[in-house]
Amino acid sequence: MIKSMTGFGLSNLIEKDSKIYIEIKGVNHRFLEISIKSNETNNDLDQYMRNAISKQINRGKIDVRLKIKSSSKTEYSINGELIKKLEKSAKKIMNLTELKFKDIKDIPGIVNIEVGQQTNINQVKKEFNKALKLFIDSRKKEGSKIRIVLNKKIKGIESLTAKILKANKSNLKFRIRLFKQKIKKLVEDFDDSKLSQEVALLALKFDVAEELDRIFFHLKSLKEEVNKINCKGKKIDFLLQELFREANTLSVKLDAPKTKNLALDMKLLVEEMREQIQNVE
C-alpha cells in the first residue's frame, strides 16, 4: 500500500469553558521531521506525541499545532501569621485594638490569590490520537490515488516497450539488408562472409534487445513494489531511475523516427512517475 507524505488531520473539542484544538499537517521530506507548536504543553506530552507519530510514520515533515484553553480555578488564602504581626504593631504604635478586613485587604502579602489552569492531559492525548488517525487515513487515501496513476503509467510503458520490441526485430533485418546493398554497390569484389560479420557487428550497436529485457524486469519489480502492503518510496524512486536510464539509452540507439518517438514517450512517462513518487513515504 502506497502512503503519501501529504496529509491532514484535525480534532476539535469544546467542553464547558475548556477547548482542545489539534491540527496535524504533513508534506514530503527525505527523512522524518516533527515540529510541535503549542500554547501549553509539557515534556511528557511532547514526547508522547513524537513517539506516537514515529511508530506509524517513516518519512515526511510533520507539523503539529496544539491549542489548549483550560478551565481556570481560583484559590484565595490569608496569611494569618502576617495579620498577627500587623495587629501587634498596630496596637503598639497606633493603639488599635481591632483590625477590619477593609483595613488590611490591600496590604501586600495578606490576601493571596492563585489562578490555576486545569488541563486534562488524558483528554488531550485522546484528541491527539483522533487527529493522528485522520492524518494517517488521509495519507493512505492520497497514496491510493498515486498508486492508480503509477499503475496506469506502468501499463503505458509496458505497451510502448512491447511495440519497440516488435519493431526492433524488423528494423534490424532491414538495417542489415540495407548495409549489404550499399556496400555491394561500392565494392565489386568482396568477401560475403566477412561482410556479414561486419554488418552483424554494426547492427549490434543498434540492437536494443538487452535494454528492453531490463525494462521489462524493472517494470515487473516496480509493479510488485507499488502493490506491496509496506511499499517504500525510496525503492520505487531507485527503480524509476533505472527505468529512465534504459529509456534514455533507447532514445539514443534507436534512429527510426517511429520507434525513437516511442522511446521519448517512455521517458516522459517515467519522468511523470518520478514526480509522483516524490510524495510517497
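Residues numbered from 1 in each chain as written. Predicted model: local features only at pLDDT ≥ 70, side-chain atom pairs only at ≥ 80, totals over all residues. Heavy atoms only, no water.

Trainee: Please set out the sheet that holds strand β2 (residues 18–27) residue by residue, giving values where relevant.
Mentor: Reading across the sheet, the 4 strands line up as β1-β2-β4-β3 and stay open at both edges, with mixed pairing between neighbours. The open sheet has two free edges, formed respectively by β1 (7–15) and β3 (32–38), since each of these has just one partner strand. Neighbouring strand axes in the sheet, compared pairwise and without regard to direction, differ in orientation by 10 degrees on average. (Pairing = 2+ DSSP bridges. Helix = DSSP H or I, 4+ residues; strand = E, 2+ residues; numbered from the N terminus. Axes fitted to C-alpha atoms, helices over the stretch in contact; angles between N-to-C directions.)

Trainee: Describe the nonpolar core, naming the residues involved and giving the relevant values.
Mentor: Ranked by internal contacts, the top residues of the largest apolar core, which has 29 residues, are Ile164, Leu222 and Leu250. Of all the elements in the fold, those that place two or more residues in this core are α4 (121–186), α6 (209–226), α7 (233–253) and α8 (257–277). Take this core: its biggest share by element is 7 residues, from α8. Apart from the residues within four sequence positions on either side, Leu222 is in contact with Ile154, Ile236, Leu239, Leu240, Leu243 and Met273. One finds Ile20, Ile24, Met49 and Ala52 within the second-largest nonpolar core, a separate group that totals 20 residues. (Core = buried A, V, L, I, M, F, W, Y, C linked by side-chain atoms within 4.5 Å. Buried < 20%, exposed > 50% of the residue type's maximum accessible area, 1.4 Å probe, protein only. Contact = heavy atoms within 4.5 Å.)

Trainee: Could you give an account of the packing of aromatic side chains, with specific residues and numbers?
Mentor: The full count for this structure, using the stated rule, is 1 aromatic pair. Ring centres of Tyr48 and Phe128 lie 6.4 Å apart, and the angle between their planes is 65 degrees; this geometry places the pair in the edge-to-face category. Here Phe128 lies in helix α4 and Tyr48 lies in helix α1 (residues 43–56), a separation of 80 residues in the sequence. Accessibility expressed as a relative area gives 1% for Phe128, which makes it buried. The ring of Tyr21 is capped by Lys67, whose NZ or CZ atom sits 5.9 Å from the centre of that ring. The cationic tip of Arg274 hangs over the ring face of Phe244; the distance from NZ or CZ to the ring centre is 5.7 Å. (Phe/Tyr/Trp six-rings, centres within 6.5 Å; stacked < 30°, edge-to-face > 60°. Lys NZ or Arg CZ within 6 Å of the ring centre and 35° of its normal.)

Trainee: Outline α7, supporting the account with residue identities and numerical values.
Mentor: Between the first and last C-alpha of α7 there are 30 Å, a value that for 21 residues agrees with the 30 Å anticipated at 1.5 Å per step. Turning to α7, its buried residues are Gly233, Ile236, Leu239, Leu240, Glu242, Leu243, Glu246, Ala247, Leu250, Ser251 and Lys253. (Expected span 1.5 Å × (residues − 1).)

Trainee: I'd like to hear about the packing of α7 against α8, residue by residue, with values.
Mentor: For the pair α7 and α8, the least separation of the axes is 9 Å and the interaxial angle reads 160 degrees. In this view, α7 runs roughly antiparallel relative to α8, as classed from their interaxial angle. Note that α7 runs across α8; the crossing there is left-handed. Here Gly233, Ile236, Asp237, Leu240, Gln241, Leu243, Phe244, Ala247, Asn248, Leu250, Ser251 and Val252 of α7 come into contact with α8, specifically with Lys260, Ala263, Leu264, Met266, Lys267, Val270, Glu271, Met273, Arg274 and Ile277. Of the residues that constitute the contact of α7 with α8, the class distribution is 13 nonpolar, 4 polar and 5 charged. (Parallel < 35°, antiparallel > 145°, perpendicular 65-115°, else oblique. Left-handed = near helix turned anticlockwise from the far one by under 90°. Nonpolar A, V, L, I, M, F, W, Y, C, P; charged D, E, K, R; others polar.)

Trainee: Go over the pairing of strand β4 (residues 60–69), please, and point to the residues and values.
Mentor: Residues Gly60, Ile62, Val64, Leu66 and Ile68 point to one face of β4 and are all buried, whereas Lys61, Asp63, Arg65, Lys67 and Lys69, pointing to the other face, are not buried. Bridge count for β3 against β4 is 7 bridges, and the pairing is parallel. The residue bridging Ser35 from the neighbouring strand is Asp63, located in β4.

Trainee: Run through the pairing of β2, naming residues and quoting values.
Mentor: Direction of pairing for β1 relative to β2: antiparallel, over a ladder of 9 bridges. Among the inter-strand pairings, Asn12 is bridged to a residue of β2, identified as Tyr21. In this structure, the hairpin formed by β1 and β2 is closed by a connection of 2 residues, where Lys16 is found at a positive phi of approximately 55 degrees.

Trainee: Can you break down α8 residue by residue, with the values?
Mentor: Here α8 is 21 residues long and its end C-alpha atoms lie 30 Å apart, about the 30 Å a rise of 1.5 Å per residue gives. Regarding α8, the residues found buried are Thr259, Leu262, Ala263, Met266, Lys267, Leu269, Val270, Met273 and Ile277. The buried residues of α8 all sit within an arc of 165 degrees when viewed along its axis, so they share a single face. Facing away from the buried side of α8 by over 90 degrees, the exposed positions are Pro257, Lys258 and Glu275. (Arc of directions from axis to C-beta.)

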